[in-house]
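Understanding the architecture of this molecule
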Amino acid sequence: MKRGVWLGLLLLMSAALYIRLHYVLEAKYPPLEWDQLEYTKTAIQLLEKGIFAYRDTVPNSLVTPGFPLLLAAVFSLTGYEQLEPALMVVRILNCFVSLGAILFLFLIGKRLFNPITGLIASAFAAVYPSYVWSTSLILTEVPFLTVFTALLYMQVRIIQDNKWRDHLWMGALLGLCVLIRPNVLPLAVIPYMFLWVRTKKIDAAYGLLAAASFACTMMPWWIRNWMTFHSFIFIANGEAGNPFLGGTDPYFRGTIDWDHIDSQHQFAEGLRRIKTGLAQEPLLWMKWMTIGKLLVFFKTMWVGPYPFSVPAWYANALTQLHTFLIAAGSLTMIIFSFRKPSIQYLTVAFLIFLGVHMVFIPVDRYVYGMLPFLMLGSAYLITQVITLLHSAWTTSLLQRRGI
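Residues numbered from 1 in each chain as written. Predicted model: local features only at pLDDT ≥ 70, side-chain atom pairs only at ≥ 80, totals over all residues. Heavy atoms only, no water.

Topic: the side chain of Gln36
Along the polypeptide, Gln36 turns up in helix α2 (residues 34-49). In this structure Gln36 comes out as buried when scored by relative accessible area, which is 17%. Here the side chain of Gln36 touches Ile138 through a polar contact of 2.9 Å, landing on its backbone nitrogen. (Helix = DSSP H or I, 4+ residues; strand = E, 2+ residues; numbered from the N terminus. Buried < 20%, exposed > 50% of the residue type's maximum accessible area, 1.4 Å probe, protein only. Polar contact = N/O pair within 3.5 Å; in protein donor to acceptor, adjacent residues only side chain to side chain.)

See the structure below:
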């Protein structure tokens, strides 16, 4: 059984790699724009001038440096005089890096539930269209997802085993996640919440070990910011204001006059709009900040042109898969959270991660990091249904035989 499970995982990851490479190598790529262009410009400027600046030519800390540094490392090896071949190397690298998320999803499912649940969750990740399409993009999603699922795996190990090395690894992985996409930071408290509930105490030494590991990972970024700006910048400074302000336009009615917004005070303007909106139209704003944003998040998939590259029946099946994952994953959390600690972990982590994103503009791209929880929940529900049906069939068979 054990050998068969690992063989199944190997075949699954091989199929996932084929799907990704096939799409990346066959796709047509328009000129870079928006974030893809800005990350690329940041990496090239860093190599040529030694200046880390996003959307500017003077040093700033608008974004954390994880992904631009990765791009710069690739460009330093491949060269970038002819940019497209270098970008293709990044895309191919993404195909291999993305396999890490599939592996860690399996390991999480195996630890929380059983190997079959882990395999099913990995199968979802292998074919889910956002996870395939994202490998063709020069964006943070692919490296983030692999490091993020590794972080979740270490949190599960802490909750179950509570060994010092797992705390050490969690701190380092948390630092790497933050250096790629900072929105993961609030999840750091989750394993300690569960340890406290279970034992009514937390080993301070282990917590400090995780914090020290996190600090060591972040230290080069902190030192750079201190030497450049003469102030302590914990994560980044400025870029989050735009999506936060964008989230204060209920149902995208176009009520924000972007031409007259001070780019240095977007966060403050967003707070002002929320306060004014709740005072003047409380029902509209409360609905938007809760169920309204929630429906926008999960209504569509972040897939770009990927569905047009596959047969219509397959594209339709992927759409049905998305609907199933949202429904089954949510249902599992609702039904089993009250009596199964493994589901409680998924639910708490999912709700915290969702809560962070509910503050910002709701776009389907942000669901990318929430899907592992829904995939694991859906996989568990499938295994429970299969177990229930098998038990019913066995009982019926025994009754017919008069046993």
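Quick notes on the UniProt feature "transmembrane region" (unreviewed entry) in the protein
What UniProt calls "transmembrane region" (unreviewed entry) maps, in this numbering, to residues 86-107, 137-156, 168-192, 204-223, 321-338, 345-363 and 369-393. Measuring from the first to the last C-alpha atom of residues 204-223 gives 26 Å, for a span that is 100% helix and 0% strand. As a span, residues 369-393 carries 92% helix and 0% strand, and end to end its C-alpha atoms are 38 Å apart. (UniProt positions renumbered as here; feature names shortened; annotations may be inferred.)

Things to note about the pattern of salt bridges
Scanning the entire structure with this criterion turns up nine salt bridges. The salt bridge partner of Asp161 is Arg111, with a shortest N-O separation of 3.0 Å. Of this pair, Asp161 sits in the loop between α7 (141-160) and α8 (164-180) while Arg111 sits in helix α4 (residues 83-112), placing them 50 residues apart in sequence. Looking at Asp161, the relative accessible area reads 32%, which means it is partly exposed. (Salt bridge = Lys/Arg side-chain N within 4 Å of Asp/Glu carboxyl O.)

Thoughts on the UniProt feature "domain: Glycosyltransferase RgtA/B/C/D-like" (unreviewed entry) in the protein
Under the feature "domain: Glycosyltransferase RgtA/B/C/D-like" (unreviewed entry), the UniProt entry names residues 64-222. Note that residues 64-222 is 80% helix and 0% strand, and that its end C-alpha atoms are spaced 10 Å apart.

A few points about the packing of aromatic side chains
According to the stated counting rule, one finds 30 aromatic pairs in the structure shown. Ring plane angle 70° and centroid distance 5.1 Å describe the contact between Trp6 and Phe106, whose orientation is recorded as edge-to-face. Of this pair, Trp6 sits in helix α1 (residues 2-26) while Phe106 is found in helix α4, placing the two residues 100 residues apart along the sequence. Aromatic pair Phe336 and Tyr380: ring centres 5.2 Å apart, planes at 85°, arrangement edge-to-face. Highlighted residues: Phe336 in helix α14 (residues 312-336) and Tyr380 in helix α16 (residues 371-400), separated in sequence by 44 residues. Classification of Tyr380 as buried rests on a relative accessible area of 5%. (Phe/Tyr/Trp six-rings, centres within 6.5 Å; stacked < 30°, edge-to-face > 60°.)

Focus: the packing of helix α13 (residues 282-299) against helix α15 (residues 341-358)
Taken N-terminus to C-terminus, the directions of α13 and α15 make an angle of 100°; their axes are 11 Å apart at the nearest point. If you check the angle between α13 and α15, you find them roughly perpendicular. Only Phe350, Leu354, His357 and Met358 of α15 make contact with α13, whose side of the interface consists of Met289, Thr290, Lys293, Leu294, Phe297 and Phe298. Each residue belonging to the contact of α13 with α15 can be placed in one class, and the counts come to seven nonpolar, two polar and one charged. (Axes fitted to C-alpha atoms, helices over the stretch in contact; angles between N-to-C directions. Parallel < 35°, antiparallel > 145°, perpendicular 65-115°, else oblique. Contact = heavy atoms within 4.5 Å. Nonpolar A, V, L, I, M, F, W, Y, C, P; charged D, E, K, R; others polar.)

Focus on the nonpolar core
In terms of nonpolar packing, the biggest core is built from 123 residues, with Phe75, Phe148, Phe298, Tyr345, Phe373 and Met375 touching the most fellow members. The residues touching Phe298, leaving out its near neighbours within four places in the chain, are His322, Ile326, Phe350, Leu354, Val367, Met370 and Leu374. (Core = buried A, V, L, I, M, F, W, Y, C linked by side-chain atoms within 4.5 Å.)

Notes on empty space enclosed by the protein
On inspection of all chains with the given rule, the structure shows three cavities of 30 Å³ or more. By volume, the largest cavity amounts to about 50 Å³. The set of elements that each furnish at least two residues to the lining of the largest cavity consists of α4 and α7. Looking at the lining of the largest cavity, its residues break down into seven nonpolar, two polar and one charged. (1 Å grid on protein atoms, 1.4 Å probe; cavity = no way out; pocket = protein on both sides within 12 Å on 5 of 7 lines; lining within 4 Å. Points joined across faces, edges and corners; volume = space filled by probe spheres on them.)

Some points on a nonpolar patch on the surface
Side chains of Met219, Ile223, Trp226, Met227, Phe232 and Phe234 sit close together on the surface and give an oily, nonpolar patch of about 640 Å² of accessible area. Note that Phe234 resides in the loop between α10 (204-229) and α11 (241-246). The exposure class assigned to Phe234 is partly exposed, which follows from its relative accessible area of 33%. (Patch = residues over 30% accessible without salt bridge, like charges linked within 9 Å, V, L, I, M, F, W, Y side chains within 5 Å. Areas by Shrake-Rupley, 256 points an atom, 1.4 Å probe, with all protein chains shown as cover.)

Focus on the layout of surface pockets
Each pocket or cavity is described by its volume, and for the second largest pocket that value is around 450 Å³. Forming the walls of the second largest pocket are 20 residues, and the residues nearest its centre are Pro30, Glu33, Gln36, Trp133 and Leu137. Counting residues per element, the lining of the second largest pocket draws most heavily on α2, which supplies three residues. Along the lines of polarity and charge, the residues of the lining of the second largest pocket split into twelve nonpolar, three polar and five charged.

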